[in-house]
Amino acid sequence: MSSVHLTKGSVRPQNIEGKLRLYSMEYCPFAHRARLVLLAKNVPHDIVNINLINKPEWYKDVHPEGKVPALDIGSKIVVESLDIANHLDDQYPEPSLYPAEPLAREQDRQLIKKIDPITSIFYNLILSQSKKTPREWLDEFTPHLQVFEDELNNRNTAFFGGNEPGMVDYMLWPWGERAGTIAIVLGEKLPVGSDQFLKLRAWIKAMRKISVVDSIYHGPEKFYKTVLFRTGSLPPDFDNI
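Not measured: the values here are computed from a predicted model.

K.L.:
Got a minute to help me understand the overall build of the protein in this structure?
P.N.:
Tallying secondary structure elements over the protein gives eleven helices and five strands in all. Compactness check: the protein gives a C-alpha radius of gyration of 18 Å against a globular reference of 18 Å for 241 residues, within 12% of the reference. The dimensions of the protein, computed from C-alpha atoms along their principal axes, are 55 × 45 × 30 Å. Within the protein, the proportion of its 241 residues that are buried is 46%. Counting only contacts in the protein whose residues sit at least 6 apart along the sequence, the fraction spanning at least 24 positions is 70%. Here the protein has roughly 12200 Å² of accessible surface; of this, 51% comes from carbon and sulfur atoms. The average position of the 29 basic charges and that of the 31 acidic charges among the side chains of the protein differ by 3 Å.

Take a look at the structure:
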């Protein structure tokens with residue numbers, strides 16, 4: 001397993017027999033999704049971290065767009081975090097991260113799609129030079145967060161997966177972990193009312209207690225440093241965050 005983030009001039013590590021190979025970046029939320037599912041299913045794997053700002057020349061042979069995550073399963077390479085997660089759920093069915101009932105399974109798949117607007121607003125906020133106020137940002141987030149708040153309320157469970165996290169939980173969690181980055185960027189918290197998003201707040205606390213989540217938790221401060229790398233405010237040293 002690569003503890004460092006490989007850069008230009010590095011040699012591509014040989015695959016390890018009997019293990020899947022995940023090309024990752026330690027602080028990337030999309031790679032985070034894949035790592036969570038691999039751990040939740042206890043799939044033998046190793047990780048090769050990639051410096052996304054100074055990528056190895058050979059990485060284009062793994063992923064032509066130079067993105068992570070990319071999962072080498074031997075016969076092919078699976079890309080895109082949700083496709084990787086779904087592939088793992090299909091190939092390693094225990095524990096299943098989707099409901100067994102087809103309608104409920106499809107409802108979860110559709111709910112996962114509704115994460116995309118949240119991630120878009122999040123990246124717009126942390127990378128934007130926009131002078132929007134915290135209230136304006138909250139107004140953008142609110143209708144999309146309310147979807148998940150209402151869903152937890154309707155399900156009346158701690159997790160979207162029931163008594164244990166399921167696929168929706170693991171696909172949403174990377175942004176739950178990084179939510180605190182918003183206050184770092186803005187210099188203040190979003191003005192969320194004391195009665196807003198109570199279910200989601202409880203969900204974040206519950207997720208932090210899950211061993212799979214805790215084992216690879218970094219938190220918002222470390223992620224913020226990668227934002228500074230991306231904007232050129234700091235040199236991209238992913239190995240010393």
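Now, onward.
K.L.:
I'm lost on the layout of surface pockets in this one. Help?
P.N.:
The gaps left among the atoms become clear once a water-sized probe is rolled over them. Looking at the largest pocket, its volume works out to about 750 Å³. Along the wall of the largest pocket there are 21 residues; nearest its centre are Leu 145, Ala 179, Leu 190, Val 192 and Ile 204. Going through the elements one at a time, helix H5 (116-127), helix H6 (134-155), helix H7 (167-178), helix H8 (181-186) and helix H9 (198-208) are the ones with two or more residues in the lining of the largest pocket. Estimates place the volume of the second largest pocket at around 550 Å³.

K.L.:
Which parts of the structure should I look at to understand the nonpolar core?
P.N.:
Across soluble globular proteins, nonpolar side chains have a tendency to be buried as a group. Grouped together as the largest cluster of nonpolar side chains are 52 residues, with contacts concentrated most on Phe 148, Phe 160, Tyr 170 and Trp 203. Here the element with the most residues in this core is H7; it accounts for seven residues. If you look at the next biggest cluster of nonpolar residues, it comprises 16 residues, including Ala 31, Ile 50, Trp 58 and Ala 70.

K.L.:
I keep staring at empty space enclosed by the protein and nothing clicks. Help me out?
P.N.:
This structure, assessed with the given rule, holds one cavity of 30 Å³ or more. The space that makes up the largest cavity amounts to roughly 30 Å³. Surrounding the largest cavity, Tyr 27, Glu 177, Arg 178, His 218, Gly 219 and Phe 223 form its lining. Here the lining of the largest cavity is composed, by residue class, of two nonpolar, two polar and two charged.

Reading guide: rules and limits
- Residues numbered from 1 in each chain as written.
- Predicted model: local features only at pLDDT ≥ 70, side-chain atom pairs only at ≥ 80, totals over all residues.
- Heavy atoms only, no water.
- Helix = DSSP H or I, 4+ residues; strand = E, 2+ residues; numbered from the N terminus.
- Rg over C-alpha atoms; globule rule 2.2 N^0.38 Å.
- Buried < 20%, exposed > 50% of the residue type's maximum accessible area, 1.4 Å probe, protein only.
- Contact = heavy atoms within 4.5 Å.
- Areas by Shrake-Rupley, 256 points an atom, 1.4 Å probe, with all protein chains shown as cover.
- Lys, Arg positive; Asp, Glu negative; His and termini not counted.
- Charge placed at Lys NZ, Arg CZ, Asp CG, Glu CD.
- 1 Å grid on protein atoms, 1.4 Å probe; cavity = no way out; pocket = protein on both sides within 12 Å on 5 of 7 lines; lining within 4 Å.
- Points joined across faces, edges and corners; volume = space filled by probe spheres on them.
- Core = buried A, V, L, I, M, F, W, Y, C linked by side-chain atoms within 4.5 Å.
- Nonpolar A, V, L, I, M, F, W, Y, C, P; charged D, E, K, R; others polar.

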